[in-house]
Amino acid sequence: MSESFPRLSARTRRFTLGVPRGFTISPDGGRVVFLRTQSGVDPVTCLWELDTATHVERLVVDPRKLSGADEENLPPEERARRERSREQAGGVVAYSTDADVTLAAFALAGGLYLTELASGRTRKIETAGAVVDPRLSPDGQSLAYVSGGAFHVHDLASGRDRALAAPESPTVTYGLAEFIAAEELERMRGYWWSPDGDKVLVERADEAPVPEWYIADPANPDRPAVPQRYPAAGTRNARVELFVLGLDGSRVAVPYDDEYLAAAAWDSHALSIVTMARDQKSLRLLTVDPLTGASAIVREERDAAWVEAFGGVPAHLDDGSLVWIGALDGGNRLFVGERAVTPPTLQVREVLAVDHDSVLFRASGGDPSEIQLWTWDGASLLPVSTRSGVFTGRMAGGVGVLSEQTLDNEGVSTTVVRRDGMAVPIPSLAERPGLDLRVSLGRSGRRELSTAVVLPSWYESGSGKLPVLMDPYGGPHAQRVLSAHGAYLASQWFAEQGFAVIVADGRGTPGRGPAWERAVLNDLAGPVLEDQIDALHGVAEQYAGDLDLTKVAIRGWSFGGYLAALAVLRRPDVFHAAVAGAPVTDWRLYDTAYTERYLGHPDEQPEVYDQSSLFADAAKLERPLLLIHGLADDNVVAAHTLRLSSALLAAGRQHSVLPLSGVTHMTPQEVVAENLMLLQVEFLKRSLGV
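Everything numeric in this text was worked out from a predicted model, so none of it was measured. (Residues numbered from 1 in each chain as written. Predicted model: local features only at pLDDT ≥ 70, side-chain atom pairs only at ≥ 80, totals over all residues. Heavy atoms only, no water.)

Right, let's get into the overall build of the protein. For the protein, the helix and strand inventory stands at 11 helices and 44 strands. Computed over its C-alpha atoms, the radius of gyration of the protein comes to 25 Å, within 12% of the 26 Å expected for a compact globule of 690 residues. By principal-axis analysis of the C-alpha atoms, the protein measures approximately 70 × 55 × 55 Å. Buried residues in the protein amount to 57% of all 690 residues. At a minimum sequence separation of 6, the contacts of the protein that also span at least 24 residues come to 58%. On the protein, roughly 26,400 Å² of surface is accessible, and the fraction owed to carbon and sulfur atoms is 50%. In the protein, 65 positive and 91 negative side-chain charges are present, and the distance between their average locations comes to 3 Å. (Helix = DSSP H or I, 4+ residues; strand = E, 2+ residues; numbered from the N terminus. Rg over C-alpha atoms; globule rule 2.2 N^0.38 Å. Buried < 20%, exposed > 50% of the residue type's maximum accessible area, 1.4 Å probe, protein only. Contact = heavy atoms within 4.5 Å. Areas by Shrake-Rupley, 256 points an atom, 1.4 Å probe, with all protein chains shown as cover. Lys, Arg positive; Asp, Glu negative; His and termini not counted. Charge placed at Lys NZ, Arg CZ, Asp CG, Glu CD.)

Right under this line is the structure:
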């Protein structure tokens, strides 16, 4: 390799560039539209189309050939949207089509563009301001977008552009998902077209009640701090309202009682919204009359811990049967109508598509590291993926798109499966990591934790004990142990530096059922730390003579950073050094929906927050600790690290802090991402005496 792994990983955005994504299948199954950069080191995303009959793919839109496509001029709303969605590339990173998939619309550097897919002809549509989240109406006659917080509709035939709703104050936006929805509820959009294209359900968000924080850049004192409305735990959220806006100028309010709008969908059967209470112990599916705004409850979910809002639902089969996911008898199950059509042993993750009378969904069986594809065809369950791995996909017109990751093969493999069963590949142009993966998946510890052990490719068992590096995320609703090659690239590189790397998923992680996930209720510290120790000791028993338990380090980012700092503060007898990147250190400083889901309201349960905070443990530090934080992070703000550092200093405890000027929670900058890996290895080796 001409480049080091850290540099190549940084240049390739962790080997995601060049991977096809964002698939749309035409109703007849004859074409698949998708996004992909032109190489594994090219950060500019292009729009492509595959003819499923001829197997020929065509470059439809190359942003470099469009004038005015300067990524430096992104509107702040688009930068925020990309940060929330963890988008690391540029160019055409999102698009929409009409129902027939003949037109595609996208925003580029704040400009609005429309492409005729058959000819590839692309034109820029003049707008009054920078554009965010353009979406075509299903009939292809209108194009909606948000600009300056106002919701616009552009008539493609006449060229008439109207603001159907304008913000009444600087804190109001129409048509955009508010911070909590995008960051924690996985709802990235703020408006939904009616099937006929004559009305739009639009979110109005007012951030006036949300406390105002300021994100400063101390490295550039001439620049003013950036104000940000941040709904910290226990404080007020944005006021979110819904309106049905007609192209004729009508406006109908859609009132609802709950705190959060978790999802919305509008198909030929119903206008549906999913709302959730502030304490997240109840969730309602409502159908809405678009003419009056009146709603009726279709389903209501309740849980003493919290309810889940799953992706891809609500949806409907052709006969109007509701497609839903809910917890029942110890499992997250797929419902069609009132009937649970999956067993409780199959943990359903999300619905990917509904094609007439068939449902495509992701689920895990007995092994949470595998996420398989299944269909319900109206009569029976059918496995779509048959190999060990992690799968996702799309389905329309009887044609499927399957994306596959396995432990045995590098990268992502994508295949279009035609109606006749013929498989048509969509090539990935991603770079090869150039690492010899040596990963063993299994179960460890008293709770049979899902665990990956990553050893150096050159290591011979019994030739000497290796220092250990725990490499978890560890937090609820996220996994690190997956049957996918790409999940362990960074871990393998750390292993090559002379470590035995252990990745373990403890209580709170998905794929093992509702009870397992809810085991972290009211305690985000105890169970997750106990499980990392349990996994460490379990692996040590399995690899007797290979692990040096007198030299154990832990590293992590975000929740993983919190867990790393927690480990050396509370269990210095087990952990001898830690690197904590962008850690949450006091849950009162993190946002409402995530934090209150697990810990409740801080005014009602202050002792729960105290128990999960790191501040009271500052005086216990006796091991090397490196804190890393981006000063431009608007998700886990730098105050987390700075306040912990102050507490450590007040207690007279030595530690290291690495502030990253201009860096957000994602750390996408190449030089930063590369050097962070190198600095971590140097710190860990020095701290462990390796």
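Don't stop here, the text continues.
What follows covers the pattern of salt bridges. Charged atoms that come close allow side chains of opposite charge to pair. Tallied over the entire structure, the rule returns 46 salt bridges. In this structure, glutamate 178 engages arginine 187 in a salt bridge whose closest nitrogen and oxygen atoms are separated by 3.0 Å. By the burial criterion, glutamate 178 is buried, and arginine 187 matches it. Here lysine 620 makes a salt bridge to aspartate 617, at a shortest N to O gap of 2.8 Å. Bridged by salt links that share partners, the residues Arg446, Arg447, Arg507, Glu530, Asp531 and Asp534 form one connected network. (Salt bridge = Lys/Arg side-chain N within 4 Å of Asp/Glu carboxyl O.)

What follows is about the pairing of strand 11 (residues 142–147). Of all six residues in strand 11, six are buried, a share of seventy percent or more. Along strand 11, one buried face is formed by Ser142, Ala144 and Val146 and the opposite face, lined by Leu143, Tyr145 and Ser147, is buried too. For strand 10 (residues 132–136) and strand 11, the ladder comprises three bridges, and the chain directions are antiparallel. By the bridge assignment, arginine 135 is partnered in strand 11 with alanine 144. Where strand 10 hands over to strand 11, the hairpin turn is made up of five residues, of which glycine 140 adopts a positive phi near 75°. Taking the residues between adjacent antiparallel strands as the criterion, strand 11 and strand 12 (residues 150–155) are bridged by two residues, where glycine 148 takes a positive phi near 60°. (Pairing = 2+ DSSP bridges.)

Between helix 6 (residues 526–542) and helix 7 (residues 559–570), whose axes approach to 10 Å, the crossing angle comes to 75°. On the basis of the axis angle, helix 6 is roughly perpendicular to helix 7. Between helix 6 and helix 7, the residues in contact are Val528, Leu529 and Gln532 and Phe559, Leu563, Leu566, Ala567 and Arg570, respectively. (Axes fitted to C-alpha atoms, helices over the stretch in contact; angles between N-to-C directions. Parallel < 35°, antiparallel > 145°, perpendicular 65-115°, else oblique.)

If you walk across this open sheet you meet the four strands as 25-26-27-28, and the pairing is antiparallel. Strands with a single pairing partner mark the edges of an open sheet, and in this sheet they are strand 25 (315–316) and strand 28 (339–340). As paired strands, strand 25 and strand 26 (residues 322–328) are joined by two bridges and run antiparallel to one another. Bridge pairing links histidine 316 to leucine 322 in strand 26.

Within the secondary structure layout, aspartate 505 lies in strand 40 (residues 500–505). No salt bridge is formed by the buried aspartate 505; its nearest oppositely charged neighbour, arginine 480, is found at 6.6 Å. In this structure the side chain of aspartate 505 is engaged in a polar contact, spanning 3.1 Å, whose partner is the backbone nitrogen of arginine 480. A polar contact is formed between the side chain of aspartate 505 and the backbone nitrogen of valine 481, at a distance of 2.9 Å. Leave out the neighbours within four places in its chain, and aspartate 505 touches Leu449, Ser450, Gln479, Arg480, Val481 and Trp516. (Polar contact = N/O pair within 3.5 Å; in protein donor to acceptor, adjacent residues only side chain to side chain.)

Moving on, we come to unusual backbone geometry. Of note, the bond from valine 313 into proline 314 is cis; its omega dihedral lies within 30 degrees of zero at 5°. For proline 314, the location among the structural elements is in the loop between strand 24 (295–302) and strand 25. A positive phi is found at valine 101, a non-glycine position, where the angle reads about 55°. Counting through the fold element by element, valine 101 comes out in the loop between strand 6 (96–97) and strand 7 (103–108). Taking the relative accessible area as the measure of exposure, valine 101 reaches 2% and is therefore buried. At histidine 477, a position not held by glycine, the phi torsion is positive, near 65°. Considering the arrangement of structural elements, one finds histidine 477 in the loop between strand 39 (466–470) and helix 4 (489–496).

Inspection of every chain in the model, using the stated rule, returns 18 aromatic pairs. Ring centres of phenylalanine 106 and tyrosine 113 lie 5.5 Å apart, and the angle between their planes is 5°; this geometry places the pair in the stacked category. An identical accessibility class is assigned to phenylalanine 106 and tyrosine 113; each is buried. On the numbers, 5.5 Å between centres and 55° between planes, the contact of phenylalanine 179 with tyrosine 230 is tilted. You can see phenylalanine 179 sitting in helix 3 (residues 179–184) and its partner tyrosine 230 sitting in the loop between strand 18 (226–229) and strand 19 (239–246), a full 51 residues away along the chain. Exposure class is identical for phenylalanine 179 and tyrosine 230. Each is buried. Through a chain of ring-to-ring contacts, the aromatic side chains of Trp306, Tyr473, Phe559, Tyr562, Trp587, Tyr590, Tyr594 and Tyr598 assemble into a single cluster. In this arrangement the basic side chain of arginine 36 is found over the ring face of tryptophan 48, its NZ or CZ atom lying 4.2 Å from the centre. (Phe/Tyr/Trp six-rings, centres within 6.5 Å; stacked < 30°, edge-to-face > 60°. Lys NZ or Arg CZ within 6 Å of the ring centre and 35° of its normal.)

Attention shifts here to the packing of helix 4 against helix 11 (residues 670–688). Remark: helix 4 packs on helix 11, axes separated minimally by 11 Å, with the N-to-C direction vectors making an angle of 40°. Regarding the angle of helix 4 to helix 11, the classification is oblique. Note on packing geometry: the crossing formed by helix 4 with helix 11 is right-handed. Touching Ala490, Trp493 and Phe494 of helix 4 are Met677, Leu678, Gln680, Val681 and Leu684, all from helix 11. (Left-handed = near helix turned anticlockwise from the far one by under 90°.)

Burial of helix 4 is extensive: six of the eight residues sit out of reach of the surface. All of the buried residues in helix 4 are Leu489, Ser491, Gln492, Trp493, Phe494 and Ala495. Among the residues trailing helix 4, glycine 498 stands out with phi positive, at a value near 110°.

With that settled, the discussion passes to the sheet that holds strand 12. With antiparallel pairing, four strands are arranged side by side in an open sheet as 10-11-12-13. Lying at the two open borders of the sheet, with one neighbouring strand each, are strand 10 and strand 13 (161–165). Ignoring strand direction, the axes of neighbouring strands in this sheet form an average angle of 25°. For strand 11 and strand 12, the ladder comprises six bridges, and the chain directions are antiparallel. Counterpart to alanine 144 in the pairing with strand 12 is valine 153.

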